[in-house]
Amino acid sequence: MITLEGLTKLYWPAPLTKVGALLDAKALHPRRSARNHLIVMARSNGIPVSRVDEVLYVVGLAS
């Protein structure tokens, strides 16, 4: 069983605010860009959309 701060995965309110995740955007939505996929993930986890461009810049993937 996976726990984080004493909670099992089922009870994490916004998991991407605590741990990273790599999801294949094309597997979920074939025409969605990686940036748009990250925006969807940010919004669904209460992360500011501005953070997407910040992270893409940090990892060298900003356009």
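As shown above, the structure is provided for reference.
Keep in mind that what you see is a predicted model, and the values were worked out from it rather than measured.

Rules used throughout
- Residues numbered from 1 in each chain as written.
- Predicted model: local features only at pLDDT ≥ 70, side-chain atom pairs only at ≥ 80, totals over all residues.
- Heavy atoms only, no water.
- Helix = DSSP H or I, 4+ residues; strand = E, 2+ residues; numbered from the N terminus.
- Buried < 20%, exposed > 50% of the residue type's maximum accessible area, 1.4 Å probe, protein only.
- Areas by Shrake-Rupley, 256 points an atom, 1.4 Å probe, with all protein chains shown as cover.
- Salt bridge = Lys/Arg side-chain N within 4 Å of Asp/Glu carboxyl O.
- Polar contact = N/O pair within 3.5 Å; in protein donor to acceptor, adjacent residues only side chain to side chain.
- Contact = heavy atoms within 4.5 Å.
- Patch = residues over 30% accessible without salt bridge, like charges linked within 9 Å, V, L, I, M, F, W, Y side chains within 5 Å.

Attention shifts here to the overall build of the protein. A tally of helices and strands in the protein yields 3 helices and 2 strands. In the protein, the succession of helices and strands from N to C terminus is β-β-α-α-α. The burial tally for the protein puts 17% of its 63 residues in the buried class. Total accessible area on the protein stands at roughly 5200 Å², and carbon and sulfur atoms take up 60% of it.

What follows deals with helix α2 (residues 34–44). If you check which residues of α2 are buried, you get H37, I39, M41 and A42. Immediately beyond the C-terminal end of α2, within one or two residues, lies G46, with a positive phi of roughly 70 degrees.

Inspection of every chain in the model, using the stated rule, returns 2 salt bridges. Of the charged contacts in the structure, one is a salt bridge between D53 and R35, with a shortest N-O distance of 2.8 Å. Highlighted residues: D53 in helix α3 (residues 50–58) and R35 in helix α2, separated in sequence by 18 residues. Judged by relative accessible area, which is 37%, D53 ranks as partly exposed.

Bringing the side chain of N45 into the picture now. Inspection of the secondary structure puts N45 in the loop between α2 and α3. Note on N45: relative accessible area 10%, which makes it buried. One polar contact links N45 to S44, side chain to side chain, over a distance of 3.2 Å. With residues up to four places along the chain from it excluded, the contact list for N45 reads A14, P15, L16 and T17.

In this section: a nonpolar patch on the surface. Taken together, V55, Y57, V58, V59 and L61 make up a surface patch of nonpolar side chains, about 550 Å² in accessible area. Following the sequence through the fold, Y57 ends up in helix α3. On the accessibility criterion, Y57 (64% relative accessible area) is exposed.

Tracing the chain through its elements places P15 in the loop between β2 (7–8) and α1 (25–28). Since its relative accessible area comes to 29%, P15 is described here as partly exposed. For the pair P15 and N45, spaced 30 residues apart in the sequence, the C-alpha separation amounts to 7.1 Å.

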